[in-house]
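Fold and geometry: a report
So the chains spell out like this:
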Amino acid sequence: MKTLLYVSFIISFGLASLAQDIHFSQMRYSPLTVNPALAGAEKDLQAIVNYRNQWNSVASPYSTMAASFDMRFKENRSGNGFLAAGINFFNDVAGDVRMRTTNFNTSLAYHIRIDRKSTIGAALQAGLGQRGISPQNGLWASQFDGSGFDQSISSGESFNELNFSHFDMGAGLVYHYSKNEGYMRGNDQFSLTAGFAAFHVNRPESSFIVGGGDDLAVRWSGFVHSLYGIRNTNWALMPALYYNRQGPHQEVLAGSYVRVVVNEGSKVTGFIQELAISYGAFFRFGDAFVNKLMLEYDNYSLGFSYDFNVSSLTQASKGRGGVEFFLRYVLPSPISGVSRARIK
């Protein structure tokens, strides 16, 4: 019981004091939280909504909702590059203290064409963040009397503001390579995207406590993900590696989807739509094993994932971590579509 109470306290207020960013297990489908230069890097247009809920088995759950939209603009006359833009929004509510983090930002990117198959792009991101907290709902270290938490005991904390806003800035760099099928139904396509980004480069103040001095640490983000079609089959591999570091904390997520195209669709009439199913096995080092399922139909993708906790919190969580969903609309088709900006 004592262990559970301590864990509950850590989860309820830990991120409030350490000011870590949100994260999704399905990072490939939350692109602008990974790198602002992913705006327009891989697709002509995409709109995504995400939802994540975690730690139900330990304390008041963390609940995160997000949405993003990005698109390319018409390629310049010289044909050597194109402009792209994106918007990203998320709202996160964490733990018993109901710590609320809301962020809205815009990304502006420019991608230079290296050759017919590859581009390199850079982006700036700017927006507004807002944080709030309800301390009366929390359990504090000073309230632990040796056997449990007594809320009649003063928390001993002096709060400066319970709600505040801040300006936020970030930047990113992305390389993208894409080779389409050599012949119809050859399934020998290959793509690779890699990038590096920095978020909160202006180090906005994020402390609720008087004299806390808790500036939001820069989050460094690096990733590489790929799609490799297995020639003359309906199968493909989608491996990925993601790395984030913020202050003393770091996260490494690695694994791969295995995708099978169930129906290639009608190439001429369009009466029969493309359909693919994917399963992904990923591991967040030191934290969780992540199972993922994805259904792709025409221009739509629906994804689900579940985290099985394997960290030191397993005693309290019983292995139960977080559940996550996303819904995406994308142009061109994620199965066999060819981007107009790559074939000019």
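Here the structure is shown first, and the text comes after it.
We now turn to the structure provided with this report. No experiment lies behind these values; they were computed from the predicted model shown.

Rules and cut-offs
- Residues numbered from 1 in each chain as written.
- Predicted model: local features only at pLDDT ≥ 70, side-chain atom pairs only at ≥ 80, totals over all residues.
- Heavy atoms only, no water.
- Salt bridge = Lys/Arg side-chain N within 4 Å of Asp/Glu carboxyl O.
- Helix = DSSP H or I, 4+ residues; strand = E, 2+ residues; numbered from the N terminus.
- Buried < 20%, exposed > 50% of the residue type's maximum accessible area, 1.4 Å probe, protein only.
- Contact = heavy atoms within 4.5 Å.
- Polar contact = N/O pair within 3.5 Å; in protein donor to acceptor, adjacent residues only side chain to side chain.

Section: the pattern of salt bridges
The full count for this structure, using the stated rule, is 10 salt bridges. Across the pair Asp 21 and Arg 219 runs a salt bridge, and its minimum N-O distance is 2.7 Å. Of this pair, Asp 21 sits in the loop between helix H1 (2-18) and helix H2 (31-34) while Arg 219 sits in strand E8 (residues 219-229), and the two are 198 residues apart along the sequence. Look at Arg 219 and you get buried, because its relative accessible area is 9%. One salt bridge connects Asp 188 with Arg 231, and the closest N-O pair in it is separated by 3.7 Å. Within this pair, whereas Asp 188 is found in the loop between strand E6 (163-179) and strand E7 (190-199), its partner Arg 231 is found in the loop between E8 and strand E9 (235-246), the two being separated by 43 residues in sequence. Residue Asp 188 is classed as buried on the basis of its relative accessible area of 10%. Three or more residues joined by partner-sharing salt bridges are found here, namely Arg 52, Glu 251, Arg 284, Asp 287, Asp 307 and Glu 324.

Some thoughts on the environment of Glu 324
In this structure, Glu 324 sits in strand E14 (residues 320-331). Here the alpha-carbon distance between Glu 324 and Tyr 51, two residues 273 residues apart in the chain, equals 5.6 Å. When residues no more than four places from it in sequence are discounted, the contact partners of Glu 324 are Phe 24, Ser 25, Gln 26, Tyr 51, Arg 52, Gly 303, Phe 304 and Ser 305. At a separation of 2.9 Å, a polar atom in the side chain of Glu 324 contacts the main-chain amide nitrogen of Gln 26.

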